[in-house]
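Below are the chains, spelled out letter by letter.
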Amino acid sequence: MMPDMPQNSLVDAIPQLDGNIPAEQFAATSPWLIAGWVIGGLAVLGGLLLWWYWRRKHRPLPAAPSPLAVSSALLDELEEALPAMRECSIRLSLIIREFLAGQAQDTSLYETHEEFTQRIDSLTTLPATCRLETQALLNTLAEYKYTGESEDNATLERALIGQTRSLFHRIVDEQQKEAELKKKLATKAPYAP
């Protein structure tokens, strides 16, 4: 319960305001208040920029397309364009060499056909089951490339493109099988007597 206060003391406690105070006095802004708002805004903006930079830097980059995907797209383009036999064999040979450089780290992309065939370790990075077919296909393409045959032979060109596509898939499949076998052999415990 509150003690009884005299009514006069409560009214006397309320300050009296002068009725002639100009409104501008209440609207005047302190330079420190403006500086505070500016600094606060810059801090929020800086925080947002740092967050954006961090997200951008730590965002996972999209994976580069596999050599098989790149080569398949190039084969599709070649099959759609289907140029004359000589040009087709040149482009097809280049696609094969680019695939070998990306998939098997083979240096044939940077060699002439003669250098490639004379190199002892050519295609050694390929699975053994695919080496002879790859060598034969490159030799066939070299024949068409150097004989200067410029006639259109759409059936043969499509067959060579299909053979190349099939070879690429076999190489990738065989490499995966070899990798799985190596992994399986690596996990087995060595023989201990």
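Residues numbered from 1 in each chain as written. Predicted model: local features only at pLDDT ≥ 70, side-chain atom pairs only at ≥ 80, totals over all residues. Heavy atoms only, no water.

Here we come to the packing of aromatic side chains. Applying the stated criterion to the full structure yields one aromatic pair. Arranged with centres 4.0 Å apart and planes meeting at 25 degrees, the rings of phenylalanine 99 and phenylalanine 168 form a pair that is stacked. Of this pair, phenylalanine 99 sits in helix α5 (residues 85-103) while phenylalanine 168 is found in helix α8 (residues 154-187), placing the two residues 69 residues apart along the sequence. You can call phenylalanine 99 buried: its relative accessible area is 0%. Residue phenylalanine 168 is classed as buried on the basis of its relative accessible area, which comes to 1%. The ring of phenylalanine 116 has arginine 97 lying over it, and the distance from NZ or CZ to the ring centre is 5.3 Å. (Phe/Tyr/Trp six-rings, centres within 6.5 Å; stacked < 30°, edge-to-face > 60°. Helix = DSSP H or I, 4+ residues; strand = E, 2+ residues; numbered from the N terminus. Buried < 20%, exposed > 50% of the residue type's maximum accessible area, 1.4 Å probe, protein only. Lys NZ or Arg CZ within 6 Å of the ring centre and 35° of its normal.)

Before going further, it helps to spend a moment on the side chain of threonine 164. On the secondary structure map, threonine 164 appears in helix α8. Beyond its immediate chain neighbours, meaning those up to four positions away, threonine 164 contacts Leu75, Leu92, Ile96 and Leu137. (Contact = heavy atoms within 4.5 Å.)

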